[in-house]
Every structure is written in C-alpha cells, then in structure tokens.
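Listed below are the residues making up each chain.
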Amino acid sequence: MPSPAIESLLILQDRDAKRLGLEALLKAVPRDVALVEGKIAAEKASIETAKQELKELEVKKKALENEIGSAEAKLAKYRTQQSMVKKNDEYQALGHEIETTEKAIGEFEGQELEVMYLIDEAKKKFAAAEAVLKGNISGHEGRIKTLREREVNVTAELKVAQAEVATTRGPVGERNLRVYDRIAVRQMPAVVPLVSLDKCGGCHLKVSGDVISAARGKGTDPLAALPTCDQCGRIVYWE
Ligand SMILES: [Zn+2]
C-alpha cells in the first residue's frame, strides 16, 4: 500500500496524464485539418487538369475544322480555274493541285475523327473522375467538420482536466510538487512502482538497496525526501 504522499502524487499524475493527452489531441487538430485541406486542393486540381485536357482537344478539333474549311475553299477555286483554262499544261497543273488538296483534306478528316474519338473518351473519363473526386471532396469536408467539432469538445474537456490537475496538486505539498514537476516535465510517468523487487518501473534498471528500503518505508523518516531511481530520477514506490 503506497504512502499517502505517493497516493496523492499518483492521483496528480493520473490527472496530468489526462491533461497531456488532451493537449496532444488539440495540438494535432490544425495539422490534421491542413492535411485534409491539402487533399481537397489535390482533388480540385485533378478535376481542373481533366477539364483542361478536354478543352485542349476541343481547340484541336476547331483548328482541324478550319484547316478543312480553307482547303475546301481552295479546292473549289482550283476546280473553277480548271474549268476555265485552255492550255493543257495549266489544266494538268491545276489537276495536280486539286489532287494534293483532296489528299490533305482526307488527312485532316482522319485526324478530326481521331480527335472526336479522344473527346468522347475524355468526356466519359472526366464525368467518372469528377463524380469520384467530388465524392472524395465531400468526404474530406466531413472530416474537417469532425475535426473542428473535436477541437471544441477537447477544448472543453481540457479546461475540466486543467481544473482537476490544479485541485489534485493541493494535497501533494510544495516539496514533493517540486520534485514531481522537475521529473514530469522531462518524462511521464514521473512516479513509478518498483518491479521485480528491485527494478525501476520507468527505466527498468536496478535501483540501489537504499532506494528499495526508502521505497518500502523501512526505518526511514516520514519527512525524508521521496525515493528516486538512481538511473532515471523517477519517484519510485513499493506496491
Ligand atoms: Zn528509473
């Protein structure tokens, strides 16, 4: 059975651990929110990229349509000229131009078909991706809402925990508080039982016989300093 001094320290340590846990949770919230916001931005960028790809294909299609239009105009002009020339070599030269232009139009039309196919594919891909990405975004937004709610709840819990820590410090006494605070700021738990008879429950190294005796409270002054581990400095007690 630990001494009343240790009892009060253990209660304080318990409340302190709770406070630290809540503080850690609270500290993690802004970082978690930033992570989720980063994910939302990435999803939005993906939608933008898909949209941009589609737009570029539309521009390409338009350019091909223009090429075909001007080639067809040229073709009509050559045909008119051909119907009016008298010389055979001029007639043949125009015939050659007509043939070349017709071939070019055929090629443009082939390319246009290809682009139209790509546009269809891109539209399908975009619609599917957009649905998925929007679903992801609303999931992320829900996560942020949860994080914000947690922030509010944890802040309230932390206030209670801080008040409990303040209350439980009272019975510990000035001198023991100083020892506890010095250790607790470095390592928690600051108060540990001896384990396997002679080992510190914090660092698991052997403590000296004097520390064991002091922890067992045998023949020691009840006003003596708290026994601490020779290795890590934690307050040790006999369970
Ligand atoms: Zn130790």
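Before going into details, it helps to say that this report is about the structure given with it. (Residues numbered from 1 in each chain as written. Predicted model: local features only at pLDDT ≥ 70, side-chain atom pairs only at ≥ 80, totals over all residues. Heavy atoms only, no water.)

Topic: the pattern of salt bridges
Next, step 1: One pass over the structure, following the stated rule, counts 17 salt bridges.
Next, step 2: Aspartate 181 is paired through a salt bridge with arginine 169; the nearest N and O atoms lie 2.7 Å apart. Linking aspartate 181 in helix α3 (residues 174–184) with arginine 169 in helix α2 (residues 88–169), this pair joins segments that are 12 residues apart in sequence.
Next, step 3: For arginine 169, a relative accessible area of 26% corresponds to the partly exposed category.
Next, step 4: A cluster of three or more residues bridged by salt bridges with shared partners is formed by Asp14, Arg15 and Glu164. (Salt bridge = Lys/Arg side-chain N within 4 Å of Asp/Glu carboxyl O. Helix = DSSP H or I, 4+ residues; strand = E, 2+ residues; numbered from the N terminus. Buried < 20%, exposed > 50% of the residue type's maximum accessible area, 1.4 Å probe, protein only.)

Focus: the coordination of the zinc ion
Next, step 1: Protein coordination at the zinc ion: the donors are Cys200 (SG), Cys203 (SG), Cys229 (SG) and Cys232 (SG), at 2.2 to 2.4 Å from the metal.
Next, step 2: Each donor residue of the zinc ion belongs to the same chain, with the gaps between them written as C-x2-C-x25-C-x2-C. Taken together, the residues cysteine 203 in the loop between β2 (199–200) and α4 (209–216) and cysteine 229 in the loop between α4 and β3 (235–237) connect sequence positions 26 residues apart.
Next, step 3: On the accessibility criterion, cysteine 203 (24% relative accessible area) is partly exposed. (Donors = N, O, S within 2.8 Å, 3.2 Å for Na, K, Ca; no water.)

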